[in-house]
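Topology and contacts: notes
Residue strings, one per chain:
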Amino acid sequence: MATFVLIHGAGDVGWYWHLVEAELRARGHDVVAPDLPCDDDAAGLVEYADAVVAAVTARPDLQPDLVVVAQSFGGFTAPLVCERLQARLLVLVAAMIPAPGEAPAEHTENTRYADDAWGGYGDEIEVFYPDVPRALALEAVRRAPRQSEARMGEPSPLRAWPDVPTRVLLCRDDRVLPARYLRRVARERLGITPDEIDGGHTPALSRPRELADRLLAYAAEQGLAVAEPRPVQP
């Protein structure tokens with residue numbers, strides 16, 4: 001068994017992962033998917049990482065093999081968490097890839113985002129949830145908190161990328177972090193060629209089973225224990 005630590009993106013909550021969480025739990029793994037203090041003007045990256053670490057350390061029953069998974073802006077928090085929790089694997093899913101000391105507000109310019117940005121326009125659902133069932137997309141929008149930008153200009157405390165195996169998974173139809181953009185940034189910043197799946201920016205809602213399969217395959221590659229399936233509780 002392994003414990004999957006699932007980190008959501010900006011202006012979101014841990015509920016984003018609930019379908020993937022159900023898949024992982026049904027296959028015998030532990031999951032932690034905390035809410036981050038997105039709407040707290042006093043919270044920065046350190047406090048985001050604190051929230052994740054606190055959620056994990058509050059559960060002494062968890063399996064010790066940790067797989068940290070980050071979505072979108074969660075890519076800024078995930079490497080900080082890996083340093084503190086001695087994770088066995090880091091997986092970035094449609095995620096930003098920070099450089100050491102980089103402020104979130106500097107990321108788009110530093111990565112030349114404009115060179116590869118999606119050229120279309122649309123509302124929140126069209127951009128973030130184009131392939132998510134509409135009722136589920138509307139629920140995601142309803143649950144989304146305000147994202148504070150009060151501390152986005154502060155440099156990340158990350159000093160170096162953590163010494164942990166890292167995988168990057170991009171979504172071919174992503175309108176937020178387009179595939180051509182993440183291919184380039186992953187290569188330039190991590191020397192990694194990303195894996196790819198179909199779909200938009202939020203695969204945990206549009207393709208939860210496929211995403212869970214990918215996460216389990218990555219864990220198996222690192223020699224983490226493969227759990228026997230267990231029934232989902234009604």
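Throughout, a residue's number is its position along its own chain's written sequence, starting from 1. Per-residue local features of the predicted model are confined to residues with pLDDT of at least 70, and side-chain atom pairs are confined, for both listing and counting, to 80 or more; whole-chain, interface and lining totals are unaffected and use all residues. No hydrogens and no water enter the side-chain calculation; it runs on all heavy atoms of the structure.

**Describing the overall build of the chain**
Put simply, the rule is: In this text, helices come from DSSP runs of H or I with a minimum length of four residues, and strands from runs of E with a minimum of two, each type numbered from the N-terminal end. To get the radius of gyration, use the C-alpha atoms; to get the globule rule, take the number of residues to the power 0.38 and multiply by 2.2 Å. Any residue under 20% of the maximum accessible area for its type is buried, any over 50% is exposed, and the rest in between are partly exposed; the area is computed with a 1.4 Å probe on protein chains only. Residue contacts are counted whenever heavy atoms from the two residues lie within 4.5 Å of one another. Only four residue types enter the charge count: Lys and Arg as positive, Asp and Glu as negative, with His and the chain ends excluded. In plain terms, the charge of a residue is placed at NZ if it is Lys, CZ if Arg, CG if Asp and CD if Glu.
A count of helices and strands for the chain gives nine helices and six strands. Its C-alpha atoms give the chain a radius of gyration of 17 Å, within 12% of the compact-globule value 17 Å for 234 residues. With the C-alpha coordinates of the chain rotated into their principal frame, the extents come out at 45 × 40 × 35 Å. Taken over 234 residues, the chain has a buried fraction of 52%. The long-range fraction of contacts in the chain, counting pairs at least 24 apart against all pairs at least 6 apart in sequence, stands at 78%. Where the 24 positive side-chain charges of the chain centre and where its 36 negative ones centre are 3 Å apart.

**Observations concerning the UniProt feature "domain: AB hydrolase-1" (unreviewed entry) in the chain**
How we decide: UniProt positions are given in the numbering used here, feature names are shortened, and annotations may be inferred rather than shown by experiment.
Under the UniProt annotation, "domain: AB hydrolase-1" (unreviewed entry) lies at residues 4-213. Helix makes up 36% of residues 4-213 and strand makes up 14%, while its end C-alpha atoms are separated by 13 Å.

**Comments concerning the side chain of Gln147**
Operational definition: Any pair of nitrogen or oxygen atoms within 3.5 Å is treated as a polar contact; in protein, a donor-acceptor pairing is required on top of that, and neighbouring residues in sequence qualify only through side-chain atoms on both sides.
Along the chain, Gln147 falls in the loop between α6 (134-143) and β5 (166-171). A polar contact is formed between the side chain of Gln147 and the side chain of Tyr48, at a distance of 3.0 Å. Setting aside residues up to four positions removed in sequence, Gln147 forms contacts with Ala10, Gly11, Cys38, Tyr48 and Met152.

**Some words on the confidence of the model for the chain**
The line we're drawing: pLDDT gives the predictor's per-residue confidence on a scale running from 0 to 100.
In the predicted model, the chain carries a mean pLDDT of 94, and the fraction of residues at 70 or more is 96%. Below a pLDDT of 50 lies the segment residues 227-234, which in the model reaches 17 contacts outside its immediate sequence neighbourhood of four places, other chains included.

**As for the pattern of salt bridges**
Rules: Whenever a carboxyl oxygen of Asp or Glu lies within 4 Å of a side-chain nitrogen of Lys or Arg, that contact is scored as a salt bridge.
For the structure shown, the criterion picks out 26 salt bridges. In this structure, Glu21 engages Arg25 in a salt bridge whose closest nitrogen and oxygen atoms are separated by 3.0 Å. With Glu21 and Arg25 both in helix α1 (residues 18-26) and four residues apart, this pair spans about one turn of that helix. Measuring nitrogen to oxygen at the nearest pair gives 3.3 Å for the salt bridge that ties Arg172 to Glu196. Residue Arg172 is located in the loop between β5 and α7 (179-190), and its partner Glu196 is located in strand β6 (residues 195-197); the two are separated by 24 residues in the primary sequence. Connected through shared salt-bridge partners, Arg112, Asp115, Asp116, Arg180, Arg184 and Glu188 make up one network.

**Structural notes on empty space enclosed by the protein**
Put simply, the test is: In this analysis, the protein atoms alone were mapped onto a 1 Å grid. Cavities are point sets where a 1.4 Å probe fits without being able to get out; pockets are open sets with protein on both sides within 12 Å along at least five of seven lines; lining residues have an atom within 4 Å of a point. Grid points are joined across faces, edges and corners, and a volume is the space filled by probe spheres set on the points.
With the rule as written, the count across this model stands at one cavity of 30 Å³ or more. As a volume, the largest cavity reaches approximately 70 Å³.

**Points about the pairing of β5**
The condition is simple: Pairs of strands are assigned from DSSP output, requiring at least two bridges between the strands.
Among the six residues that make up β5, five are buried, leaving the element largely enclosed by the rest of the structure. Direction of pairing for strand β4 (residues 89-95) relative to β5: parallel, over a ladder of four bridges. Directly across from Val91, in β5, lies its bridge partner Arg167. Where β5 meets β6, three bridges bridge the pair, whose relative direction is parallel. Within the sheet, the bridge partner assigned to Leu169 lies in β6 and is Asp195.

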